[in-house]
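Next come the chains, spelled out residue by residue.
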Amino acid sequence: PKKILLNISATDLEVAVHGAAQAEIEKSGSITVNARNLYDIIKESPSEEIHISSEDNNRILITSLNSEYKIVGLPATDFPSLPAIQGKFTRVSSDDFLKMFDKVCFAMSTDETRYHLNGVLLERSEKGLIIVATDGHRLSLTEQPIKLDSIKLEKAILPRKGVQELRRLMGVEKSFEICVAERHVFIRTEKQTLFIRLIDGNFPDYNRVVPKENNIHIELPKDELVGALKRVSLLANDRSKGVLFYFCNGSLTLSTSNPEMGEARENLDIDYKGGTLNIGFNAKYVLDAVGVVPDATVKFAFKDEISSCLITCESDPGFRSVVMPMRM
């Protein structure tokens, strides 16, 4: 037997991964098997060493100590071909990329009928890279000086599942190489290659969504706001999570009323000297946006009671989150 690499590939036609592991190969060959069955058996194996062999009838035999399993498989030719890698790779820091994804991923849509929103937009900018996510009710955007000079594609929409797999990879790798082609994004590390099929659709023009005329600026203490909003929203409608924000001279009152559960109200002392402002929001949307702000204070900007709210912070000028108001 020779100690060489065992090549393993998996795909659901949207996301694919190719990796390799050290193994003693007695005779080369290939076969397609159910990934979940194979993984579960290997994970529960009482021994660190297992033996896998393929039979002529497209079955694999797995033996380990006193255990023996046979899994029905398919010919290797039945496995879909992985896309060919096209273009140049750029190495980036996982930490830098992960921080950007954390600032926007909560705003991805889960509505399958709006498939072009079921992911995040990657776009090159003069300053570096912009990542945007929206579900039509809120939008989150972050721009950082991450240069992807070798990438020719100006825009790319990564699907939700691809984003999840990429975030999982960034959690264990300090850096990775990225290549954006016409239909796929390729992520490469020393141990594996991740293939992500891009969403073929038009992402909304986020520049038209981010408000530019919100001239009522209010700074709020983050921890106090989050605590009060969580408590008040306990009695909010389960579907709308509606909470009323009432700004008055020197105070913010959060309130909600639910005929089935009751009423809640909390007051916060804030540094605000403007006129009254009465506006309703989905509490979860506000909590999601405020939750990714690392500062002790968070900035809210309003135009009026019927326009969207812009949420920003001092330490990250590239971060902007927009929440649409709701009728209460």
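Residue positions are counted from 1 within each chain, in the order its sequence is given. Owing to the predicted nature of the model, reporting of local features is limited to residues with pLDDT of at least 70; listing and counting of side-chain atom pairs is limited to 80 or more, with chain, interface and lining totals taken over all residues. Note: side-chain values were computed over all heavy atoms of the structure, leaving out hydrogens and water.

A. Summary view of helix 5 (residues 222–232). For helix 5, every residue scored as buried is listed here: Lys-222, Leu-225, Val-226, Gly-227, Ala-228, Leu-229 and Val-232. Against strand 14 (216–221), strand 15 (242–248), strand 16 (251–258), strand 17 (262–269), helix 6 (283–291) and strand 19 (297–302) lie the buried residues of helix 5. Using a 1.4 Å probe on the protein chains alone, a residue whose accessible area is under 20% of its type maximum counts as buried, one over 50% counts as exposed, and one in between counts as partly exposed. Runs of E in the DSSP output that reach at least two residues are strands. Runs of H or I that reach at least four are helices, and both are numbered from the N terminus. We call two residues in contact when some of their heavy atoms are within 4.5 Å.

B. A look at the sheet that holds strand 15. Across the sheet, four strands lie side by side as 17-16-15-18; this open sheet has antiparallel pairing. Each of the sheet's edge strands pairs with one partner strand only, and the pair in question is strand 17 and strand 18 (277–282). Strand after strand, the sheet turns through a mean of 20° between neighbouring axes, direction not considered. Two strands qualify as a pair provided DSSP detects at least 2 bridges between them. Where strand 15 and strand 16 come together, five bridges link them in antiparallel fashion. For Leu-244, the partnering residue across the bridge sits in strand 16 and is Ser-255. Relative to the sheet, helix 5 contacts strand 15, strand 16 and strand 17, its axis offset from that of strand 17 by approximately 170°. Each axis is a line fitted through C-alpha atoms, and for a helix only the stretch in contact is used; angles between axes span 0 to 180 degrees, taken between their N-to-C directions.

C. View of the packing of aromatic side chains. For this analysis, a ring pair means two rings from Phe, Tyr or Trp (six-membered ring only for Trp) whose centres lie within 6.5 Å, classed as stacked if their planes differ by under 30 degrees, edge-to-face if by over 60, and tilted for the remaining angles. Tallied over the entire structure, the rule returns nine aromatic pairs. Residues Phe-97 and Phe-176 carry aromatic rings whose centres are separated by 5.5 Å and whose planes lie at 90° to one another, so their mutual orientation is edge-to-face. Of this pair, Phe-97 sits in helix 2 (residues 94–104) while Phe-176 sits in strand 11 (residues 175–180), and the two are 79 residues apart along the sequence. For Phe-97, a relative accessible area of 0% gives the class buried. Judged by centre distance (6.0 Å) and plane angle (70°), the ring pair of Phe-247 and Tyr-272 falls under edge-to-face. Of the two residues, Phe-247 is situated in strand 15 and Tyr-272 in the loop between strand 17 and strand 18; the sequence distance between them amounts to 25 residues. Overall, Phe-247 belongs to the buried group, its relative accessible area being 0%. In this structure an aromatic cluster arises from ring pairing among Phe-245, Phe-247, Tyr-272, Phe-281, Phe-300 and Phe-302. Only Lys NZ and Arg CZ are tested; either one counts as a charge over a ring when it is within 6 Å of the ring centre and within 35 degrees of the ring normal. The ring centre of Phe-89 lies 3.8 Å from the NZ or CZ of Arg-188, which sits over that ring.

D. Inspection of the layout of surface pockets at higher detail. In the cavity and pocket records, a cavity denotes points on a 1 Å grid over the protein atoms alone where a 1.4 Å probe fits but cannot get out, a pocket denotes an open set with protein on both sides within 12 Å along at least 5 of 7 lines, and lining residues are residues with an atom within 4 Å of a point. Grid points are joined across faces, edges and corners, and a volume is the space filled by probe spheres set on the points. In this structure, the second largest pocket occupies an estimated 330 Å³ of space. Around the second largest pocket, the lining is made up of 19 residues, and of these Lys-155, Ala-156, Ile-157, Ile-199 and Gly-201 lie nearest the centre. Of all the secondary structure elements, the ones that give two or more residues to the lining of the second largest pocket are strand 7 (119–124), strand 10 (155–159) and helix 4 (206–209). Tallying contributions element by element places strand 10 first for the lining of the second largest pocket, with three residues. Residues are grouped as follows: Ala, Val, Leu, Ile, Met, Phe, Trp, Tyr, Cys and Pro are nonpolar; Asp, Glu, Lys and Arg are charged; every other residue, Gly included, is polar. The class makeup of the residues in the lining of the second largest pocket is nine nonpolar, three polar and seven charged.

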